[in-house]
Amino acid sequence: SDDLFFVPDQVEDAADQLLRSLTDPATIVRWSAAKGIGRLTERLPAVCADDVLDAILKICSDPEQDRAWHGACLALAELARRGLLLPERLGE
């Protein structure tokens, strides 16, 4: 849907920090960030969850960044585990 949804700045800031943490050198930080993204995303409307998915997929844009790929895969797995991957996006 094209409905607008207001997301508080604090939530956006937290989401940005979690997304940045997906590329951290420490595996435990990437894992914790993926868990946090899952928890945060399940509390957002579907239109916002779609934006989170876009941001995660963008992290995979550099094939040379193993840590980024690992963090993004952890986050995608967490979204899938929580039933947050929208069926129309699975082809991507």
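Residues numbered from 1 in each chain as written. Predicted model: local features only at pLDDT ≥ 70, side-chain atom pairs only at ≥ 80, totals over all residues. Heavy atoms only, no water.

> When you look at the packing of helix H1 (residues 9-21) against helix H2 (residues 27-41) in this model, what are you seeing that I'm missing?
Remark: H1 packs on H2, axes separated minimally by 8 Å, with the N-to-C direction vectors making an angle of 145°. Crossing of H1 over H2 shows left-handed handedness. Across the interface between the two elements, Val-11, Ala-15, Leu-18, Leu-19 and Ser-21 from H1 touch Val-29, Arg-30, Ala-33, Gly-36, Ile-37 and Leu-40 from H2. When grouped by side-chain class, the residues that make up the contact of H1 with H2 number eight nonpolar, two polar and one charged. (Axes fitted to C-alpha atoms, helices over the stretch in contact; angles between N-to-C directions. Helix = DSSP H or I, 4+ residues; strand = E, 2+ residues; numbered from the N terminus. Left-handed = near helix turned anticlockwise from the far one by under 90°. Contact = heavy atoms within 4.5 Å. Nonpolar A, V, L, I, M, F, W, Y, C, P; charged D, E, K, R; others polar.)

> Sorry if this is basic, but what is going on with the packing of H2 against helix H4 (residues 66-81) here?
Packed helix pairs are specified by the crossing angle of their axes together with the interaxial distance, meaning the distance between the axes. As a packed pair, H2 and H4 sit with axes 8 Å apart at the nearest point and diverge in direction by 35°. Judged by the twist between their axes, the crossing of H2 over H4 is right-handed. Listed contacts from H4 to Thr-27, Arg-30, Trp-31, Ala-34, Lys-35, Ile-37, Gly-38 and Thr-41 of H2 are Arg-67, His-70, Gly-71, Leu-74, Ala-75, Glu-78, Leu-79 and Arg-81. Tallied by class, the residues present in the contact of H2 with H4 amount to six nonpolar, five polar and five charged.

> Please clarify how the nonpolar core should be interpreted in this entry.
Core analysis: the largest hydrophobic core is formed by 17 residues, its most contacted members being Leu-19, Leu-22, Ile-37, Ile-56, Ile-59 and Ala-75. Elements represented by at least two residues in this core include exactly H2, helix H3 (46-59) and H4. (Core = buried A, V, L, I, M, F, W, Y, C linked by side-chain atoms within 4.5 Å. Buried < 20%, exposed > 50% of the residue type's maximum accessible area, 1.4 Å probe, protein only.)

> I keep staring at H4 and nothing clicks. Help me out?
Structural remark: α-helix, 3.6 residues per turn; residues separated by three or four positions point the same way. Spanning 16 residues, H4 covers 22 Å between terminal C-alpha atoms, matching the ideal 22 Å at 1.5 Å per step. The complete set of buried residues in H4 reads Ala-68, Gly-71, Ala-72, Ala-75, Glu-78 and Leu-79. All buried residues of H4 project into a common sector of 120° when viewed along the axis, lining one side. Opposite the packed face of H4, turned more than 90 degrees from it, sit the exposed residues Asp-66 and Arg-81. (Expected span 1.5 Å × (residues − 1). Arc of directions from axis to C-beta.)

> Explain the environment of Val-52 to me, please; I cannot follow it from the model alone.
Following the sequence through the fold, Val-52 ends up in helix H3. What makes Val-52 buried here is its relative accessible area of 11%. Here the alpha-carbon distance between Val-52 and Thr-41, two residues 11 residues apart in the chain, equals 7.3 Å. Residues within four places of Val-52 in sequence aside, it is in contact with Ile-37, Thr-41 and Leu-44.

> Can you walk me through a negative patch on the surface in this structure?
Together, Asp-9, Glu-12, Asp-13 and Asp-16 make up a negatively charged patch on the protein surface. Turning to its location among the elements, Asp-13 is positioned in helix H1. (Patch = residues over 30% accessible without salt bridge, like charges linked within 9 Å, V, L, I, M, F, W, Y side chains within 5 Å. Areas by Shrake-Rupley, 256 points an atom, 1.4 Å probe, with all protein chains shown as cover. Salt bridge = Lys/Arg side-chain N within 4 Å of Asp/Glu carboxyl O. Lys, Arg positive; Asp, Glu negative; His and termini not counted. Charge placed at Lys NZ, Arg CZ, Asp CG, Glu CD.)

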